[in-house]
Amino acid sequence: MSTKKVALISGANKGIGLETARQLGKQGITIILGARDLSKGEQAATQLKKEGIDAQAIKFDVVNASDIKAAVDKIGKEFGKLDILINNAGVMSEPIGGNNSSTVSEDTLRKTFDTNFFSAVAVTQAFLLLLKKSDAGRIVNVSSILGSLTLHATEGSPIYEAKALAYDASKSALNAFTVHLAHELKGTRIKVNSAHPGWVKTDMGTDAAPMNVVDGAKTEVELATLGPDGPSGGFFHMGEPISW
Ligand code: NAP
């Protein structure tokens, strides 16, 4: 079994996922970059290696069951465990503030839930045995403040006018997974938490976002490296809890 910590990050070829990989890699953690387009993953891995990081890419389309199985087999064979799983891959195909609950198509709902919710559950379930072999397994579900039902229901909250049903509900469902799984894993060495990265300049967040990707990765990194006394079953941004 590898003596170094090993982290798998989905959707790590760009954006917050890639920067999370970089920051974890700089802490000496071995990085597996999950990318649905392997050539983009390999480009990212080459970049990180130039920065002195132990990184490799795998083809990892999170909606593809055979990619998930192949990743479990490869990481099991090569490292014998997984210390950190970051369910970072995500899609948003609606305009924020589109207020589309009466019009959003079933296709948009299903495609968004496939990536943002069903695949995060499938990936996590597939890796649980390897996570249990770690001294300190950490699962980070990359959610969004837009998944907060409390803030959506509170007039005047920062997201009250930012409604987009498929994306928001997929992240609420992901948060439910965090709470339920943390309950099931009580008494084990695994912690599972939801992260809100902030509104971050990426292809998804757009240039209008106030935060850069370096700060945008910090919440994922912090939750991925929590010590034994850290929380499990929470929803955080930069160390501060967010309402469910
Ligand atoms: P991004 O730059 O658009 O990156 C999204 C990543 O997810 C890309 O690597 C993309 O791969 C990957 N992805 C999408 N579908 C996938 C699939 N089926 N299998 C594997 N990978 C897939 O967005 P980001 O801003 O970094 O977002 C990262 C996470 O943060 C997402 O979960 C997002 O919901 C969350 N978030 C972002 C913000 C923000 O302001 N940016 C705010 C709150 C939460 P391709 O390159 O192949 O498309």
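Residues numbered from 1 in each chain as written. Predicted model: local features only at pLDDT ≥ 70, side-chain atom pairs only at ≥ 80, totals over all residues. Heavy atoms only, no water.

Draft legend 1. Here's a closer look at the site of the ligand. Around the ligand sit 28 residues in total, of which Arg36, Asn88, Tyr167, Val200 and Thr202 are the nearest. Backbone polar atom of Ile16 to an oxygen atom of the ligand: 2.8 Å apart, as the coordinates give it. One nitrogen or oxygen atom from the main chain of Asn88 is found 2.8 Å from an oxygen atom belonging to the ligand. For the ligand, the protein covers 93% of the area, taking 900 Å² as the surface of the free molecule. Its atoms largely coinciding with the cavity grid, the ligand occupies the largest pocket. For the shell around the ligand, the secondary-structure elements that each account for two or more residues are helix H1 (15–25) and helix H6 (165–184). (Near = heavy atom within 4 Å. Polar contact = N/O pair within 3.5 Å; in protein donor to acceptor, adjacent residues only side chain to side chain. Areas by Shrake-Rupley, 256 points an atom, 1.4 Å probe, with all protein chains shown as cover. 1 Å grid on protein atoms, 1.4 Å probe; cavity = no way out; pocket = protein on both sides within 12 Å on 5 of 7 lines; lining within 4 Å. Sits in = over half its atoms within 2 Å of the grid points. Helix = DSSP H or I, 4+ residues; strand = E, 2+ residues; numbered from the N terminus.)

Draft legend 2. View of the side chain of Ser170. Take Ser170: it is sitting in helix H6. At 3.1 Å, the side chain of Ser170 forms a polar contact with the side chain of Asn116. The residues contacting Ser170, other than those within four sequence positions of it, are Thr112, Phe113, Asn116, Phe117 and Leu165. (Contact = heavy atoms within 4.5 Å.)

Draft legend 3. Spatial organisation of the pairing of strand E3 (residues 55–59). For E3, the tally of buried residues reaches four of five residues, placing the bulk of the element in the interior. Pairing between strand E2 (residues 30–35) and E3: five bridges, direction parallel. Paired with Ile32 across the bridge in E3 is Gln56. (Buried < 20%, exposed > 50% of the residue type's maximum accessible area, 1.4 Å probe, protein only. Pairing = 2+ DSSP bridges.)

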